[in-house]
Amino acid sequence: MSEVNEEDEQESTIENQMKKELLDDKEERTLEAEKGETILGEKTVDSQVYTATSLPVIPKETRIKSHPLVLHWAYGINPTLPVLSLQDEDRLVILYVCAHVALMYDHTSNTQHLLQGHCSPITCLCASEDRRWLVTADMGQESLVIIWDSYTGIPVRTLFDCHPEGGVSALALSKDSKYLATVGAGTVQQVCIWDWTDESDSPQCQVDISPTHGCQNQISFNPSNSTQLLSNSTSHVLFYKWERDCLEYSAPEISDKTFKGVLGSLSQSIFHSDGVRALTATSKGHIIFWDKQSESVSCIRKATKIIPLQNKGITVLTMIDSFIVTGDVNGHIKFYDENLKIISLYCEFNLDPITSISFSKEIPSTSSLNYKEDCSVNAKSFVLRNFVLCTTHSTVVHVNVQKNALQTLLKEHAERLEAVACHPKQPLVAMGSHSGTVKVWDYERKEAVCSQVFQPHKEIQCITYDPQGFYLAVGFGSGALQILDACTLQSDGEQFLQYSQDGITHLTFSQDSLYLAAADTGKAVTLLRRYKQGTKEIWKYQGRHHSHYKPIQDLLFGVDLDSNQPRLFSLGMDCKLVEYDLLNSGENDLLILSSDRIEQSGVPTCMAWYPQLTPEHFLLTASNLFKMKLFNATSKMCRKTLLGPSYGSPVKKMTILPASKDGDPNSRYMAYITQDKIGIQILPLDGNPYKSFASICHSTGVSAMACSYDGRFAFTAGGPDCTVFSWELNLSSLEASAALGGKDMVPFYNLLEGGRDGQLFKEMEEYFYYCQLRNQDLNTMEKRLVSTRVPLSDIPFLMRVLSFYPTEQELEDMQNEVKFSRYAETRNYVTDIDLEDFIKLYVNHQPASGISRQELCNAFQVLGRPDEGGRYTIARDELLELLQARGEHMTEDELAECFTSLLGFSSEGCTDASESLLENVLPSEINMETYATDILGFSTASQELPQDDT
């Protein structure tokens, strides 16, 4: 514990230490660095930031496993952001971005150091000239700018909400690393200069940029003068000058008429090494020269000439050691002198368009260097640094100038990555993207095993291994299906199987690997069966059925426990759970065995087989109302409703983790994903929120999840961020976290408003005891029989008196849940319930949240018609007819009783005149505002509307 406390104290003093790190007094900095100590109260500790002198060797295991979910590895790259070279003499280390995580990747030892701190995708990245300080920024709602120490991987300063309107679109560090420039991403962009080494939360100076200058997507300091900067959009280059609290800029006009030629869009701009001139590259291969227009005003510059450097567009423009370097759409890298005379070029590597070039901070040793010759007639020798470049197709290569050799460091998916699957018996994970590439990784050795590119049908939507690990099925957006050998990714049969023009969304194998089922966007399920034909295994089409009228949410094979025959289920947004008759389905004829509606008000999102923790066999489903339900696998009866994980969005996919070989076989866990998070859940499910944990995995949305065969890792695919994250599951930490939530009933009391000491719990006790008295006759004078239970028939009254008004179907599910709770063990029904079980029932069944204003607006837009003022209204007679005829039917007397109660009228003696009563209490036209304020009794319709009262 002492070591952990010391580390916490070290991190708490980093920002103060950093202020001293960059003091102008060099002697004072040197003295402090040699001393390497900071006084914290009465304790003296060594500072990691002070004592670090170089990039450390990244160990294989550097993650602290104190959390249930630990990000273990990142597969992918954001090619739109630069890849920076950190070191390449002794070790080849680069910095790049995956989604919301920055990575220091040591290619020499094949290790990653993950810089985690952002909750939104990182949109810009830069580093100091000596590569000591790294800066990342995002565009989230609560945008952050984080400055990292590359030697330790510790964040030393965080700027919160420095650009609240949209986040940061560009940033740069000055040559001395003292100042940071940021460009906002709002409609009106703001450029700020920060002295990030002081304690101030405000910038040194700032200026707003006119939207007429375009979106500024790049900024840089003048290496010779940190008070001068430039930025550019695709149409304008802006020049800045700042002193103290004043930042001003000029925007010289430039167009095709300026030089009587087609300029193209502007790509990147830099200052010349003389510190006076500036250069801008264009998409037409031109270089624009800028020079001072006035000696008195240094920020005003004018385009003086344009040089048609090449025919192809220039995508990268940078400067190193007095050389001007360009990268273009042909994948060529060219070196020029200060007068733009070509010195050297690299055009033999056959690369894609270049997106970034980063040079080593170290000049190669001249003792053993084979000097490269320039392109002049005399072929003079000159020294170049090694460099790293990135292309549009997510390829990162390192160029060794001395050997004139190119080494590929990364080659990742360049388009949306929607599919991921884990091998059932080996440490392999397969990924498929919209570029048509399937790539298999060994996630223990962190090495790519094999890959395959499919050209005719590119967009890979889903992939899955069969339970034996022999086949890998791939589903495409074109509706094609491919079954590959899991080891070689080759196909023995037909190249592509095409039974639908609708994109494949789900694939699943039966437990015996005999059947393969596919669901598509046409709301249909297709079944294939494996046959042996000579020495070959072939897959034959069995049938296809349009079994749903809304999109299919999940597809699942199971096993009949009595016959060991496979069972196939599909779950749709139409709330239907469909089982298929595999036994009687013939060729070209897929039959349905049963179709059951499993949700009344919610929309199911996914399903999974519940592990055998009880004598019953259950099918587990999740819905968009943050609820989970257990259905008897045979009768399809809803046996339990439980509060699911509530982390902003409902569960969209879940997987039961395999039982631990070393631990308790009754300790089971489930992994799941929501819209942007991954989580794990302790089983059995009981509604205890402390038994679940979730973490942001892909802030732009997670598209798929897979778990390793041993349950140690989970993998998530991020879709548009082209990234797969590997998460290490620390189940002991999850158990410890759940224990902190309390034992027995404590977690459920905490879910009640006010807890156990609140008014709601007191009311529940009083109503519960009142039911006990009522069941013994309130007016009796006989001796009372003390009991802790009430009959199941009282559950509806208790729920309603607590302002929870479930439907008749929900009430039936509640009573069945209690009634059959012990039937599998004892063959007896439970006819009563105690207070603790009632609280659990209430917590698990009550709505997780109220009805929002938008949901009420949507209901009126669907059911009503716009009036003259544009407000949607429903005629009183039409509303009453809908309430009586649709959903759970209500009689006219029941309607009268409900509305008169809501409006505060007495309906005694009026049951025979329900129609006239409703005409008197309800207006002829009802809009949303009237319904919310006059009928439901809310002061304003803008507030959240409790679901109970609607």
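Attention here is on the structure that accompanies the text. Small disclaimer: the values here were computed from a predicted structure and weren't measured. Along every chain, residues carry numbers that run from 1 in the direction the sequence is written. pLDDT decides what is reported in this predicted model: residues at 70 or higher carry local features, side-chain atom pairs at 80 or more are listed and counted, and totals for whole chains, interfaces and linings draw on all residues regardless. Excluding hydrogens and water, the side-chain values take into account all heavy atoms of the structure.

1. Observations regarding the packing of helix α7 (residues 759-775) against helix α11 (residues 835-845)
Phase 1 of the analysis: Two elements in contact, α7 and α11, have axes separated by 11 Å at closest approach and are oriented at 125°. Considering their axes alone, α7 and α11 lie oblique with respect to each other. Judged by the sense of rotation from one axis to the other, the crossing of α7 with α11 is right-handed. Listed contacts from α11 to Leu760, Phe761, Met764, Glu765, Phe768 and Tyr769 of α7 are Leu835, Phe838, Ile839 and Tyr842.
Phase 2 of the analysis: Counted by class, the contact of α7 with α11 contains nine nonpolar, no polar and one charged residues. To define axes, lines are fitted to C-alpha atoms, for helices over the stretch in contact only, and angles between the resulting N-to-C directions are given on a 0 to 180 degree scale. Only DSSP runs of H or I covering at least 4 residues are called helices, and only runs of E covering at least 2 are called strands; the numbering of each starts at the N terminus. Comment on the angle field: the value is read as roughly parallel under 35 degrees, roughly antiparallel over 145, roughly perpendicular from 65 to 115, and oblique elsewhere. Helix crossings fall into two classes, left-handed where the near helix is turned counterclockwise from the far one by less than a right angle and right-handed where it is turned clockwise. Only heavy atoms matter for contacts: two residues are in contact if any of them lie within 4.5 Å across the pair. Three classes are used, and their members are as follows: Ala, Val, Leu, Ile, Met, Phe, Trp, Tyr, Cys and Pro are nonpolar, Asp, Glu, Lys and Arg are charged, and the others, Gly among them, are polar.

2. Points about helix α14 (residues 892-903)
Phase 1 of the analysis: In a regular helix each residue adds 1.5 Å, so twelve residues correspond to 16 Å; α14 covers 16 Å between its end C-alpha atoms and thus fits that length.
Phase 2 of the analysis: Every buried residue of α14 is listed here: Leu895, Ala896, Phe899 and Thr900. Projected down its long axis, α14 shows its buried positions confined to an angular sector of 120°, all on one face. For α14, the exposed residues lying more than 90 degrees away from the buried face are Glu897 and Ser901.
Phase 3 of the analysis: Just downstream of α14, glycine 904 is the residue with a positive phi angle, here 85°. To estimate the expected span of a helix, count its residues, drop one, and scale the result by 1.5 Å. Summary of the burial criterion: residues with accessible area below 20% of their type's maximum are buried, those above 50% are exposed, and those between are partly exposed, where the area comes from a 1.4 Å probe applied to protein chains only. What the arc measures is the spread of directions leading from the helix axis to the C-beta atoms.

3. Here's the deal with a negative patch on the surface
Phase 1 of the analysis: Two joining distances apply to patches: 9 Å for like charges and 5 Å for nonpolar side chains (Val, Leu, Ile, Met, Phe, Trp, Tyr), and every residue must have over 30% relative accessible area and no salt bridge. All accessible-area figures derive from a Shrake-Rupley calculation using a 1.4 Å probe, and residue coverage is judged against the displayed protein chains alone. For salt bridges, the criterion is a side-chain nitrogen of Lys or Arg within 4 Å of an Asp or Glu carboxyl oxygen. In this tally, Lys and Arg are treated as positive and Asp and Glu as negative; His is ignored, and so are the chain termini. Lys charges are placed at NZ, Arg charges at CZ, Asp charges at CG and Glu charges at CD. A cluster of like negative charges, contributed by Glu892, Asp893, Glu894 and Glu897, occupies part of the molecular surface.
Phase 2 of the analysis: Mapped onto the secondary structure, glutamate 897 falls in helix α14.

4. With respect to the packing of aromatic side chains
Phase 1 of the analysis: Whether two aromatic rings pair depends on their centres lying within 6.5 Å, for rings of Phe, Tyr and Trp, where Trp uses its six-membered ring; planes under 30 degrees apart make the pair stacked, over 60 edge-to-face, and the rest tilted. This structure, assessed with the given rule, holds 31 aromatic pairs.
Phase 2 of the analysis: Ring centres of tyrosine 749 and phenylalanine 761 lie 5.3 Å apart, and the angle between their planes is 75°; on these two criteria the pair is classed as edge-to-face. Taken as a pair, tyrosine 749 in helix α6 (residues 746-750) and phenylalanine 761 in helix α7 lie far apart in primary sequence, twelve residues in all.
Phase 3 of the analysis: An aromatic cluster is present here, built from Phe335, Tyr346, Phe349, Phe359 and Phe387 joined pairwise through their rings.
Phase 4 of the analysis: The rule is short: NZ of Lys or CZ of Arg within 6 Å of the ring centre and within 35 degrees of the ring normal puts a charge over the ring. Stacked on the ring of tyrosine 179, the Lys or Arg lysine 178 has its end atom at 5.8 Å from the ring centre.
Phase 5 of the analysis: One residue, lysine 305, lies across the ring of phenylalanine 289, its end atom 4.9 Å from the ring centre.

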